[in-house]
Amino acid sequence: MNIHEYQAKELLAKHGVAVPIGVMATSVDEAVAAAQSLPGPIYVVKAQIHAGGRGKGRFAELGPDAGGGVRIAKSVEEVGEDAREMLGNTLVTVQTGEAGKQVNRLYVTDGVDIAKEYYLALLVDRGSSRVAMVVSTEGGMDIEKVAHDSPEKITTITIDPDAGFIDTDGAKAAETLRLSGGLAEKCSALCRSLYDMFVALDCAMIEVNPLVETGDGELIVLDAKISFDSSAEFRHPELEALRDPSEENPIEVEAARHDLAYIKLDGNIGCMVNGAGLAMATMDIIKLNGAFPANFCDVGGGASKEKVTAAFKLILSDPAVEGILVNIFGGIMRCDVIAEGIVAAAKEVALDVPLVVRLEGTNVEKGKAILAESGLRIVSADDLGDAARKIVAEVRESEAA
Ligand code: ADP
Ligand code: MG
């Protein structure tokens, strides 16, 4: 789960990390009132969306010359003007994709006198199976470019989970950032607080970009992106309130409610599968046949008829879907149960796109019989290759028609 910058900063402040003061706003009036409550005279108005690159982003509705998603305002009036332009409009950044994201919330925050911008992130490093701190002097808006062009400017420090965060880890971070004296100490303390918070809240990532050295020698977090490990969500009911459903794919949210794994993709063939391996193989073979999956929905090992029905409806609720391939191996799951679910769902939603079903495993003959006797136009397939060829051909045909 991802959260907004203003929420991340509230959590950081609670864990003893220095952040600029700011207030969240959902309307122009709120933004103006927020600015009035801040000391000024410089304010920063920041679009709150679950994507980075806001500073260099552009509003689809405003044209290339208008400001981006992070704006410096020199008066309360200017904050109001920026809020009016940003709220309700679509911000496109390198991380949102072309469709962009609608800005529904703003963060009005104190303007900070920046002397230097650094990069600091904590994440789970799968290679070392540890939490790693990624540190670089090249903070600001182009860390992806730094990673690509000059990876030597990025240092990774892995934290030993047995020892926890030790002084040497903090010292290494400070050294990487070429900080000394009081600033080095502040850096170490900040890294320790971030690590403690990372572990306490089961984070997947805390990315601070930029971490800023101010004109008066403070070290503060100017931008923060936090995501949580979804497998540990049950341990943190208090974090549930931070969820912003408007930032999530509605079909993925609905899938989670049914305990289904649903992933939205870019193509036009919807895929219902059981098991991640079969999902990957199904997508590969669709691509091999020259088409692209629109999504895949993994119904898991022991799905019920109701679950299959829910999965089917979810796949169809995506307007990009022009055909469906069901590829299920009935091991624990029985093919006749799957077939019943498919037939029930197809009848309920008045299926109007081609459907190819490949079943294999327990009760496969019974399953195929249920499909054949359903009176629905369901194309049966015998193996993976056959199934992919058939669905690709069906979709092409219906496109041509
Ligand atoms: P993003 O990473 O989405 O572009 P940031 O919050 O990192 O958004 O803002 C982009 C840049 O805007 C920062 O690198 C910084 O230079 C400037 N900036 C952001 N917040 C402030 C602030 N409170 N005061 C001064 N400058 C800021
Ligand atoms: Mg940033």
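Residues numbered from 1 in each chain as written. Chains lettered and ligands numbered in written order. Predicted model: local features only at pLDDT ≥ 70, side-chain atom pairs only at ≥ 80, totals over all residues. Heavy atoms only, no water.

Trainee: Tell me about unusual backbone geometry, residues and numbers included.
Mentor: The omega torsion across G40 and P41 is 0°, close enough to zero to call that bond cis. The topology assignment puts P41 in the loop between α2 (28-37) and β2 (43-48). Here the bond from N209 into P210 is cis, since omega is 10°, no more than 30 degrees from zero. If you check the backbone angles, D202 has positive phi at about 50° while not being a glycine. Summarising the element assignment, D202 is placed in the loop between α6 (181-200) and β11 (203-214). Of note, the phi angle at D259 is positive, near 60°, even though the residue is not glycine. Relative to the assigned elements, D259 resides in the loop between α7 (250-257) and β14 (261-264). Overall, the relative accessible area of 61% leaves D259 in the exposed class. (Helix = DSSP H or I, 4+ residues; strand = E, 2+ residues; numbered from the N terminus. Buried < 20%, exposed > 50% of the residue type's maximum accessible area, 1.4 Å probe, protein only.)

Trainee: Quick rundown of helix α10 (residues 335-348)? Include the residues and the values.
Mentor: Taking 1.5 Å as the rise per residue, α10 with 14 residues should run 20 Å; its terminal C-alpha atoms sit 20 Å apart, in good agreement. The buried fraction of α10 amounts to 10 of the 14 residues, a majority that puts the element mostly inside the structure. Of the positions making up α10, those classed as buried are C335, D336, V337, I338, A339, G341, I342, V343, A345 and A346. Directly after α10, the chain includes A350, whose backbone phi takes a positive value near 50°. (Expected span 1.5 Å × (residues − 1).)

Trainee: Before we move on, can you summarise the side chain of D82 with the specific residues and values?
Mentor: Here D82 shows up in helix α3 (residues 76-86). A residue is classified by how much of its surface remains accessible, and D82, at 10% relative accessible area, is buried. A distance of 3.0 Å separates a polar atom in the side chain of D82 from a polar atom in the side chain of R71. Ignoring anything within four residues of it in the chain, the contact list for D82 reads V45, R71, I72 and A73. (Polar contact = N/O pair within 3.5 Å; in protein donor to acceptor, adjacent residues only side chain to side chain. Contact = heavy atoms within 4.5 Å.)

Trainee: Go over the domain arrangement of the protein, please, and point to the residues and values.
Mentor: How big an interface is tends to be stated in terms of the accessible area lost upon association of its parts. When cut into domains, the protein gives domain 1 (21-110), domain 2 (114-239) and domain 3 (250-400). Taken together, the 6 residues of domain 1 in the interface contact 6 residues of domain 2. When the two sides are added together, the surface that domain 1 and domain 2 hide from each other amounts to roughly 460 Å², 37% of it contributed by carbon and sulfur. Between domain 1 and domain 2 we count 1 salt bridge in total. (Domains from an automatic or database assignment. Buried area = accessible area lost by both parts, 1.4 Å probe. Salt bridge = Lys/Arg side-chain N within 4 Å of Asp/Glu carboxyl O.)

Trainee: Tell me what's going on with the confidence of the model for the protein, and back it up with residues and numbers.
Mentor: With 100% of its residues at a pLDDT of 70 or more, the protein shows a mean pLDDT of 92. When pLDDT is averaged over each element of the protein, β2 comes out on top at 98 and α7 at the bottom at 84. (pLDDT = per-residue confidence, 0-100.)

Trainee: Explain the site of ligand 1 to me, and be specific about the residues and the numbers.
Mentor: The immediate surroundings of ligand 1 are formed by 17 residues, with K46, R54, G55, V112 and E117 found nearest. Here R54 contributes a side-chain N or O atom positioned 2.8 Å from an oxygen atom of ligand 1. The contact in question runs from an oxygen atom of ligand 1 to an N or O atom on the side chain of D223, over 3.0 Å. Notes on ligand 1: free accessible area 540 Å², of which the protein chains cover 90%. For the shell around ligand 1, the elements supplying multiple residues, two or more each, are β2, β8 (114-125) and β11. Across the shell around ligand 1, the residue classes break down as 7 nonpolar, 5 polar and 5 charged. (Near = heavy atom within 4 Å. Areas by Shrake-Rupley, 256 points an atom, 1.4 Å probe, with all protein chains shown as cover. Nonpolar A, V, L, I, M, F, W, Y, C, P; charged D, E, K, R; others polar.)

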